[in-house]
Amino acid sequence: MTVQRLWTHDETAAFLHISAWTLHHLCTTGTGPTRYKVGKHRRYDPTEVVRWLRSTTTTPGGEDR
């Protein structure tokens, strides 16, 4: 089993090209990627972030999946 380093909140936001606040908002409303709480820090599994991102795609006509 290969374990990747977890991303910080800021690294995840940078990967998604959104602000840290927007990522926080997505997560607190239950529409963001899965996150883990390690102590007082939020951490994200890169594989889960990409899976979440792919689940948010839209069709060419603009309708959400």
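Anything mentioned here points back to the structure above.
(A) Representation of the packing of helix 1 (residues 9–16) against helix 2 (residues 20–28). In contact at an axis separation of 9 Å, helix 1 and helix 2 are set at 100° when each is read in the N-to-C sense. Relative to helix 2, helix 1 is oriented roughly perpendicular. Only A20, L23 and H24 of helix 2 make contact with helix 1, whose side of the interface consists of H9, D10, T12, A13 and L16. Taken together, the residues that form the contact of helix 1 with helix 2 break down as four nonpolar, three polar and one charged.

(B) The environment of R54, seen in detail. Along the chain, R54 falls in helix 3 (residues 46–55). Distance from R54 to A14, taken between C-alpha atoms, is 17 Å for residues 40 residues apart in sequence.

(C) View of the pattern of salt bridges. The full count for this structure, using the stated rule, is two salt bridges. Notably, a salt bridge pairs R5 with E11, separated by 3.1 Å at the nearest N-O pair.

(D) Here's a closer look at the side chain of H9. Counting through the fold element by element, H9 comes out in helix 1. Overall, H9 belongs to the buried group, its relative accessible area being 8%. For H9, the side chain forms a polar contact with the side chain of Y44, separated by 2.8 Å. Ignoring any residue separated from it by four or fewer positions in sequence, one finds H9 in contact with A20, L23, H24, R42 and Y44.

(E) Molecular detail of the packing of aromatic side chains. Counted under the stated rule, the structure contains one aromatic pair. Measuring from centroid to centroid gives 4.8 Å for W7 and F15, while their planes differ by 50°, and the two rings are tilted. Given a relative accessible area of 17%, W7 falls into the buried group. The class for F15 is partly exposed, based on a relative accessible area of 37%.

What counts as what
- Residues numbered from 1 in each chain as written.
- Predicted model: local features only at pLDDT ≥ 70, side-chain atom pairs only at ≥ 80, totals over all residues.
- Heavy atoms only, no water.
- Axes fitted to C-alpha atoms, helices over the stretch in contact; angles between N-to-C directions.
- Helix = DSSP H or I, 4+ residues; strand = E, 2+ residues; numbered from the N terminus.
- Parallel < 35°, antiparallel > 145°, perpendicular 65-115°, else oblique.
- Contact = heavy atoms within 4.5 Å.
- Nonpolar A, V, L, I, M, F, W, Y, C, P; charged D, E, K, R; others polar.
- Salt bridge = Lys/Arg side-chain N within 4 Å of Asp/Glu carboxyl O.
- Buried < 20%, exposed > 50% of the residue type's maximum accessible area, 1.4 Å probe, protein only.
- Polar contact = N/O pair within 3.5 Å; in protein donor to acceptor, adjacent residues only side chain to side chain.
- Phe/Tyr/Trp six-rings, centres within 6.5 Å; stacked < 30°, edge-to-face > 60°.

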